[in-house]
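Okay, here's what each chain looks like letter by letter:
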Amino acid sequence: MNPASTDIRRRNNVTVTGRADGPLLLLAHGFGCDQNMWRLVVPLLAEDFRLVLFDYVGSGRSDPAAWSEQRYDSLEGYASDVLDVCEELDLRDVVFVGHSVSAMVGVLAAAEAPQRFSRLVMVAPSPRYIDEDGYRGGFSADDIGELLESLESNYLGWSAAMAPVIMGNADRPELGQELTTSFCATDPDMARVFARTTFLSDSRQELKTVEVPTLVLECRQDAIAPREVGAYVHDAIPGSRLVTLEATGHCPQLSAPQATAAAITDFMKEAR
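What counts as what
Residues numbered from 1 in each chain as written. Predicted model: local features only at pLDDT ≥ 70, side-chain atom pairs only at ≥ 80, totals over all residues. Heavy atoms only, no water. Helix = DSSP H or I, 4+ residues; strand = E, 2+ residues; numbered from the N terminus. Rg over C-alpha atoms; globule rule 2.2 N^0.38 Å. Buried < 20%, exposed > 50% of the residue type's maximum accessible area, 1.4 Å probe, protein only. Contact = heavy atoms within 4.5 Å. Expected span 1.5 Å × (residues − 1). Arc of directions from axis to C-beta. Core = buried A, V, L, I, M, F, W, Y, C linked by side-chain atoms within 4.5 Å. Pairing = 2+ DSSP bridges. Right-handed = clockwise from strand over helix to strand, strands pointing away. Axes fitted to C-alpha atoms, helices over the stretch in contact; angles between N-to-C directions. Polar contact = N/O pair within 3.5 Å; in protein donor to acceptor, adjacent residues only side chain to side chain. Patch = residues over 30% accessible without salt bridge, like charges linked within 9 Å, V, L, I, M, F, W, Y side chains within 5 Å. Areas by Shrake-Rupley, 256 points an atom, 1.4 Å probe, with all protein chains shown as cover. Salt bridge = Lys/Arg side-chain N within 4 Å of Asp/Glu carboxyl O. Lys, Arg positive; Asp, Glu negative; His and termini not counted. Charge placed at Lys NZ, Arg CZ, Asp CG, Glu CD.

Points about the overall build of the protein
- Looking only at helices and strands, the protein has 12 helices and seven strands in total.
- Its C-alpha radius of gyration of 17 Å places the protein within 12% of the 19 Å reference for a compact globule of 272 residues.
- In terms of overall dimensions, the protein has C-alpha extents of about 45 × 40 × 35 Å along its principal axes.
- Buried positions account for 58% of the 272 residues belonging to the protein.
- Contacts spanning at least 24 positions in sequence make up 76% of the contacts within the protein whose residues lie at least 6 apart.

Pasting the structure below:
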């Protein structure tokens, strides 16, 4: 099935909430998640902003019939989902809020359709997960190879083992369990493709295309995107603002929703 032939709102499980006349935030989830990952920041932002949430095809309550490996084996496929949603809802002056790999998806979407995007918020971004001479992404090539091999051979076991590591906050095991549940709800074949697309990506050159005000949000401690990555992204985007949240783990929208929402709100006030 051609994804473009289906209704985009249904295909991507689009949700619109918040203040109807407020500035528009488009919230994009990361690998193994869905829009439910934003649920704790939504009520904190809804009074001031119009919020549009969605699920990438292959995630959450999206239409699985619209998925194809050919489309979603590159970050451009996910950027196409973003642009389809923007076109379907005729979204303009969009502030794209992307978590994890979605931060880079937002960069690609803004480069493709700059007329639609006014600002970027990158939550725990990483343009490349694999270390290289002069660059620390946090993982060796062998690390990523083992991670993908484990995921492909036993996705449910991988999810149970890795979700608490990604989430951090060992003293709050319910957060790790929630991420495990989210991972396990994803179709394993679709998850394998998204995982390879995510962890083998290298979008460092695309950072140079960013020309809109950008907020880079990092956590004080993050096993997936160490602080060297936040500094790299900040340095690569002229004029960007880097904020280090007093939070641990890779999902501050769940572990520190108040701080995450406050940082976004402050950025929006300054950018007006």
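Observations concerning helix 6 (residues 141–153)
- The first and last C-alpha atoms of helix 6 sit 18 Å apart over 13 residues, in line with the 18 Å expected at 1.5 Å per residue.
- Within helix 6, burial applies to I144, L147, L148 and L151. On an axial view of helix 6, the arc spanned by its buried residues comes to 90°, and they lie on one face. Every exposed residue of helix 6 that faces more than 90 degrees away from the buried side is listed here: D142, E146, E149 and S153.
- Lining the buried residues of helix 6 we find helix 7 (155–167) and helix 9 (188–199).

Some thoughts on the nonpolar core
- Core analysis: the largest hydrophobic core is formed by 70 residues, its most contacted members being F31, Y56, V82, F117, M122 and L179.
- Among the elements that line this core, the one with the most residues is helix 5 (residues 101–112), at eight residues.
- When residues no more than four places from it in sequence are discounted, the contact partners of F31 are V101, L151, W158, F183, A191, F194, A195, T198 and F199.
- In terms of nonpolar packing, the next biggest core, distinct from the first, is built from 26 residues, V97, C219, A256 and I264 among them.

A word on the pairing of strand 6 (residues 214–221)
- The buried fraction of strand 6 is high, at six of eight residues.
- Pairing analysis gives four bridges linking strand 5 (residues 117–123) to strand 6, with the strands arranged parallel. Bridge pairing links M122 to V216 in strand 6.
- Here six bridges tie strand 6 to strand 7 (residues 241–248), and the two strands are oriented parallel to one another. If you follow L215 over to strand 7, its bridge partner there is R241.
- Handedness of the crossover joining strand 6 and strand 7 through helix 10 (residues 227–236): right-handed.

Some words on the sheet that holds strand 3 (residues 50–53)
- What the seven strands build is an open sheet, ordered 1-3-2-4-5-6-7; its pairing is mixed. Each edge of the sheet is formed by a strand with only one pairing partner; in this case those strands are strand 1 (15–18) and strand 7. Put simply, the sheet's adjacent strands are angled 20° from each other on average, direction ignored.
- Across six bridges, the pairing between strand 4 (residues 94–99) and strand 5 is parallel. Bridging across to strand 5, G98 finds its partner in M122.

So, the side chain of Q253
- Inspection of the secondary structure puts Q253 in helix 11 (residues 252–255).
- Residue Q253 is classed as buried on the basis of its relative accessible area of 1%.
- Here the side chain of Q253 touches H99 through a polar contact of 3.3 Å, side chain to side chain.
- Residues within four places of Q253 in sequence aside, it is in contact with M37, W38, L40, V41, H99 and T260.

Side note on the pairing of strand 4
- Taking burial as the measure, the six residues of strand 4 include six buried ones, the bulk of the element.
- Side chains V94, F96 and G98 project from strand 4 onto one buried face, and the interleaved V95, V97 and H99 project onto a second face that is buried too.
- Of the pairings in the sheet, the one linking strand 2 (residues 24–28) to strand 4 comprises four bridges and is parallel in character. Each residue of the ladder has a partner; that of L26, found in strand 4, is F96.
- Between the parallel elements strand 4 and strand 5, the chain passes through helix 5 in a crossover that is right-handed.

What about a negative patch on the surface?
- A surface patch of negative charge is lined by D131, D142, D143, E146 and E149.
- Positionally, E146 belongs in helix 6.
- On the basis of relative accessible area, E146 is assigned to the exposed category, the value being 54%.

Digging into the pattern of salt bridges
- Going through the model one piece at a time under the given rule, you end up with 20 salt bridges.
- One salt bridge in this structure joins D90 and R116, with 3.7 Å as the shortest N-O distance. With D90 in the loop between helix 4 (75–88) and strand 4 and R116 in the loop between helix 5 and strand 5, the pair connects residues that are 26 residues apart, well separated along the chain.
- For R116, a relative accessible area of 11% corresponds to the buried category.
- Residue E270 is joined to R241 by a salt bridge in which the shortest nitrogen-to-oxygen separation is 3.3 Å. Pair noted here: E270 is in helix 12 (residues 257–271) and R241 is in strand 7, with a separation of 29 residues, a long-range link.

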